[in-house]
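A closer look at the structure
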Amino acid sequence: MGMSVTISAAAEADAEQILKLQYLCYQGEAELYGDYSIEPLTQTLDSIRAELTSGTVLVARLGDEVVASVRGTVDADGTARIGKLIVHPRMQRHGLGGRLLDAVERRLGAAKCFQLLSGHRSEQNLQLYRKHGYATVSTEYVNERLTRITLAKDAPADAFVTSA
């Protein structure tokens, strides 16, 4: 290809590409759980635009194409919630998901801890999260098709830099 993937903050102009990529990436999850009504497949373009202004949204680009994305917010208690980590199928298994996860953690640096959700059948996702230091903190039986797993890890101690 000759081009390298760059990671940056998403712009409003990226919203449509993020939505299309999200729709593509969550097809496998929907099939895995037998549920095509999951929120990532029904989310609207306006909702994504709102997320761009209310939280941290990063994209990975190959040239002008958005090939991956992740979103995060920090709650009042200091918990960073990371979600919708998506990587184009042709770009998977090359470390891009891990790079995005690291990048969003750095951007959410005011957090005390990081938390994310996954379904129990999403083995590749769970493997990635565990490789990056996340551990299961709770499970929630949703229905016969889905058990939701919450994974978390503490923010590094050196992330809290204070000025004198």
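Attention in this report is confined to the structure presented alongside it. Each chain has its residues counted from 1, running along the sequence as written. Local features in this predicted model are restricted to residues whose pLDDT is 70 or higher, and side-chain atom pairs enter the listing and the counts only when it is 80 or higher, whereas totals over whole chains, interfaces and linings include all residues. For the side-chain quantities, the full set of heavy atoms in the structure was used; hydrogens and water were omitted.

1. Side note on the packing of aromatic side chains
Here a Phe, Tyr or Trp ring, Trp counted by its six-membered ring, pairs with any other such ring whose centre lies within 6.5 Å, and the pair is stacked when the planes are under 30 degrees apart, edge-to-face when over 60, and tilted otherwise. Taken as a whole and judged by the stated rule, the model has one aromatic pair. Their ring planes at 65° and their centres at 6.4 Å tell us that Y129 and Y134 sit as a pair that is edge-to-face.

2. Some remarks on the nonpolar core
In these notes, a set of buried Ala, Val, Leu, Ile, Met, Phe, Trp, Tyr and Cys residues joined through side-chain atoms within 4.5 Å is what counts as a nonpolar core. Using a 1.4 Å probe on the protein chains alone, a residue whose accessible area is under 20% of its type maximum counts as buried, one over 50% counts as exposed, and one in between counts as partly exposed. Among the nonpolar cores identified, the biggest contains 27 residues, and I82, L96, F114 and Y134 are the most heavily contacted of them. Within the residue set of this core, elements represented by two or more residues are β2 (56-62), β3 (65-74), β4 (79-87), α4 (96-107), β5 (113-119), α5 (123-131) and β7 (146-154). Considering each element in turn, this core owes the most residues, five residues, to α4. The criterion used for residue contact is that any of the two residues' heavy atoms lie within 4.5 Å. The contact partners of I82, leaving out residues within four places of it in the chain, are V70, R71, G72, L101, V104, E105, L108, F114, Q115, L116 and Y134. Counting residues in hydrophobic clusters, the runner-up holds 15 residues, among them I18, A30, V57 and I86. Helix and strand definitions follow DSSP, with helices as H or I runs of at least four residues and strands as E runs of at least two, each counted in order from the N terminus.

Treat this as a map of the structure, not an account of what it does.
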